[in-house]
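Spelled out, the chains give:
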2 protein chains.
Amino acid sequence: MAVLHNDTFLRALLKQPVEYTPVWLMRQAGRYLPEYRETRAKAGSFLALCHNPELSTEVTLQPLERFALDAAILFSDILTVPDAMGLGLHFVEGEGPKFTHPLQHENDVTRLQVPDMNRLRYVFDAVHSIRKALNGRVPLIGFSGSPFTLACYMVEGQGSRDFRLLKTMLYQRPQLLHRILDINAQTVTAYLNEQIAAGAQAVQIFDTWGGVLSDKAFQEFDLRYLQQVVSGLQREADGRRVPVIIFTKGGGQWLEQLAALGADALGVDWTVNLQQARQLVGQQVALQGNLDPLALFGDSESITAEVKRLLAAYGAGSGHVFNLGHGINQYTNPEMVKCAVDAVHRISTEYHQN
Amino acid sequence: MAVLHNDTFLRALLKQPVEYTPVWLMRQAGRYLPEYRETRAKAGSFLALCHNPELSTEVTLQPLERFALDAAILFSDILTVPDAMGLGLHFVEGEGPKFTHPLQHENDVTRLQVPDMNRLRYVFDAVHSIRKALNGRVPLIGFSGSPFTLACYMVEGQGSRDFRLLKTMLYQRPQLLHRILDINAQTVTAYLNEQIAAGAQAVQIFDTWGGVLSDKAFQEFDLRYLQQVVSGLQREADGRRVPVIIFTKGGGQWLEQLAALGADALGVDWTVNLQQARQLVGQQVALQGNLDPLALFGDSESITAEVKRLLAAYGAGSGHVFNLGHGINQYTNPEMVKCAVDAVHRISTEYHQN
C-alpha cells in the first residue's frame, strides 16, 4: 500500500499533535453533489451503486476533488448488514429503505444468525479498491451501524417515528431483543474487522437511534453492545493504530459512559456544547463534530462564524476532528461546504501552535 | 368557583408535602380513547372540536372518568395561536397541520402582529367551561406552545424533519426570526394570562422543538423567549399560586439553564436520568416526567417495574409530578394507562412518609 501523505485525521483521533484541525463530513459523498447524482443514475439505483466496487470508489473520491477533506469514507449503507442476514433490503422511492423479512415473530429471531462474511465481499472489495485509488492521499474510514441501530430497522422493517414495534419487543420480550443485539454485535465486529483487513484505516460506528431510548434502556440495549463490538475490534493494521469512533446521535447526555467504552473518539451531534463535552471526557477520547448540518444553509459569513465558534469551543491542542453533527443535508449548496472546509483549515492553525 | 378537592398536583409543583406522587399524562385526552374518537366524529373534525367549548369540555373530562388522574388539561392545540395571527391553520388527513400563509418572505414577518385575544375567545370559553365541569375535582392546566416551537410551524408552514426553512432564516436572517419570536413571546404571555384569568390553575409551555437547535442557538432563539414569557405571567389567581411548567423535549442537556428561568417545574423527556436531573436542578424547580410513552406497550409487569424505577430515581420528598416523557401514543391500550396511573399512586406513598 502507498505511504499515507496526510495523516492529520488519524493523529487528531489519537490526540497526537497536528498542524491544523482535520475535517471530513458525514455523508460527504452524496446527493448534494451533482456528480454523485450522475454516477448513481449510471448505476441504476442506490443499491446497485453500493454493490459495485468500481462505482463506489468513484463516488467515494468525488468530494475529495472538490474540497480539501482530510479523510475519505467508504461509500456504502449500514443496512447491507441485515441484508446479508437475509432480511431482503430494498428501497421504495420517497419512502426510504425497507426489509421484506423484518424480525416480527419469535421464529424470525430464533433463526437469525451471524452471516457468512462472503455475502458482504462487495463491501470489502470496495474498501480495497478505494484504498488503492486514494493512493495514500488521505486515510479511509470504514463503518457500520451499531447493533442497536441495526436492530431498529430489522424489527420495524423500515424507518420509524416512534419505533413502536422495536419498543414493544424491548418492553414485552427483552430477551428476544437481546438475542438480536448479540448477533448484531458479533456481526458488526466481524464486518468491521474485515473492513480493517481490506484496508480501512479508521472505523466509525453509527449509532443513529440510540437517542430514542430511555436512559436505562440505553445502558442495557445499546451501550452494552457497543462495548461488545469495541472490545472485539482489531486495533492495529500495517503497524499503525486503527482508531475507532462511536457516534451516538442524541447521545449528549451519555458522553461519560460512551467515553468509557474504549473507543478512541466520540462523534457528537450539534446540540452538544463542545467545550463542556471536552471537559467531561477529559483525556479519554478525541471528539468529532459538531456543526449543525443546517448551518450550511447560512451564508459564508455565518458559516465562518460558526466554524470559528466551534474551534474556539474545543480550544487549543489536538483531539478535535471537525465534522457536522449529522449527515449532510441533500439540499446543501456545495459552495457552502467548500466555505466551511476551508474555514476550518484557515482558522484552526492558531489552536495548534506548539 | 368550587373548592379544589384534590390539589396534590399543585402542591407537588411547589414542592409542598404530598401524600402520594400525583400523575397526569400529556395528551391524556386523545385518539387512544374510543370515547374521544366518538366525540371527534360528532364534532366533524379536530379543529371543530377545538372550536367548540362544550365538546372540548367533554373530551377534557373523558380520561378522568377512566383513570385516577390528578390534573385535567385543556383540550386544544398549540397552533390555535398562529391561526389567530392569520396564518390559516388547517389539517390535511394523514399529513398533520398546515398553514395557508406561512412566514416565508420578509413582508410576512413585517406584517406579523400580536393578535387580538378575542380571536382566541373560544379557548378561554373552553377553560371556563371545563373549570366549571370539573367542579373542584382536580386542577385544570392551561397551555401554549413556546415562542420557538410556534415559530417552527409558522416558518415551515407544517411539521418538518430538518426544519430547513426555519434554520435557513436562523442562520441567514436571524433578525427576522427574532422579530417572530418577540411577537410570539408577547402573544404567548397574553394568551396564558387570559387562560389563567378564565380559570387555568397551572400552565405548561410546550417547547416541543427546542431540541433541534445547537447549544448556542438554543440559548439565543429559545431560552431567551421562554424567559420573556415566564417573566410576564400572572403567577397568582384566587389567592393561590399558579405554577408554570416548561417542557423542552430533547432539553436534557440544558436543564440547569431551564431551571434558572423562574418556572416552578420542568418537564423532562424519557431520555433524562431523573435522579441526576433532580441533583442538577436542586431546590429550584419540581420535575415532571418521564416514562417513555412507548413503555405503555409493555405488559402490566414491565409497566409497574418502570413506574417503580422512576419513582425510586426521583426518590423521597415532594417535587415530582409523574407523567410521560412525551404525549401518549395513539395506539396505546387504555388498560395499560390505568395500570401505570394506579401503580404510581400505589407505589409512591412510601416516598412521602415524613
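Residues numbered from 1 in each chain as written. Chains lettered and ligands numbered in written order. Predicted model: local features only at pLDDT ≥ 70, side-chain atom pairs only at ≥ 80, totals over all residues. Heavy atoms only, no water.

Visitor: Help me out: how do you make sense of the interface of chain B and chain A in this one?
Guide: When the parts of a complex come together, some accessible area is lost, and that lost area is often used as the size of the interface. With 30 residues of chain B in contact, the opposing surface of chain A contributes 30 residues. For the chain B and chain A pair, buried surface summed over both sides reaches about 2800 Å², with 50% attributable to carbon and sulfur atoms. At the junction of chain B and chain A, the tally comes to 2 salt bridges. In this structure, A:Asp292 and B:Lys167 form a salt bridge, with 3.0 Å as the shortest nitrogen-oxygen distance. At the junction of chain B with chain A, the criterion picks out 17 residue pairs in polar contact (both at pLDDT 80 or more). Secondary-structure elements contributing two or more residues to the side of chain B that touches chain A are helix H9 (164-172), helix H11 (215-232) and helix H14 (300-314) of chain B. The leading source of residues in the side of chain B that touches chain A is H9(B), at 5 residues. (Contact = heavy atoms within 4.5 Å. Buried area = accessible area lost by both parts, 1.4 Å probe. Salt bridge = Lys/Arg side-chain N within 4 Å of Asp/Glu carboxyl O. Polar contact = N/O pair within 3.5 Å; in protein donor to acceptor, adjacent residues only side chain to side chain. Helix = DSSP H or I, 4+ residues; strand = E, 2+ residues; numbered from the N terminus.)

Visitor: Can you help me understand the sheet that holds strand E10 (residues 286-291) of chain A in this one?
Guide: Backbone-to-backbone hydrogen bonds pair the strands of a sheet. The strands run either parallel or antiparallel. Residue and element names in this part refer to chain A. Overall, parallel pairing links the 7 strands, which are arranged E1-E4-E5-E8-E9-E10-E11 in an open sheet. At either end of the open sheet lies a strand with only one pairing partner, and these are strand E1 (72-73) and strand E11 (320-324). In the sheet, strand E4 (residues 140-145) pairs with strand E5 (residues 202-207) via 5 bridges, with the strands oriented parallel. From the neighbouring strand, Gly142 faces E5, where its bridge partner is Val203. (Pairing = 2+ DSSP bridges.)

Visitor: Which parts of the structure should I look at to understand helix H7 (residues 121-134) of chain A?
Guide: For the α-helix, the turn length of 3.6 residues means that residues three or four positions removed from each other point alike. Residues and elements named next belong to chain A. Spanning 14 residues, H7 covers 20 Å between terminal C-alpha atoms, matching the ideal 20 Å at 1.5 Å per step. Every buried residue of H7 is accounted for by Tyr122, Val123, Phe124, Ala126, Val127, Ile130, Arg131 and Leu134. A positive backbone phi angle near 55 degrees is found at Asn135, which sits one or two residues after H7. (Expected span 1.5 Å × (residues − 1). Buried < 20%, exposed > 50% of the residue type's maximum accessible area, 1.4 Å probe, protein only.)

Visitor: What exactly am I supposed to notice about empty space enclosed by the protein here?
Guide: If a probe as big as a water molecule is rolled over the atoms, it shows which places are left empty. In the structure shown here, the tally under the stated rule is 2 cavities of 30 Å³ or more. There is about 50 Å³ of room inside the largest cavity. The wall of the largest cavity is formed by 13 residues, among which A:Thr248, A:Gly251, A:Leu255, A:Leu258 and A:Gly267 lie closest to the centre. Among the elements of the structure, strand E8 (244-248), helix H12 (255-259) and strand E9 (265-267) of chain A are those that each provide at least two residues to the lining of the largest cavity. In terms of residue count, the dominant contributor to the lining of the largest cavity is E8(A) (3 residues). Residues that form the lining of the largest cavity fall into these classes: 7 nonpolar, 5 polar and 1 charged. In this structure, the second largest cavity spans a volume of roughly 40 Å³. Lining the second largest cavity are B:Ala2, B:Leu4, B:Arg131, B:Leu134, B:Gly136, B:Val138 and B:Gln201. Its residues assigned to classes, the lining of the second largest cavity shows 4 nonpolar, 2 polar and 1 charged. (1 Å grid on protein atoms, 1.4 Å probe; cavity = no way out; pocket = protein on both sides within 12 Å on 5 of 7 lines; lining within 4 Å. Points joined across faces, edges and corners; volume = space filled by probe spheres on them. Nonpolar A, V, L, I, M, F, W, Y, C, P; charged D, E, K, R; others polar.)

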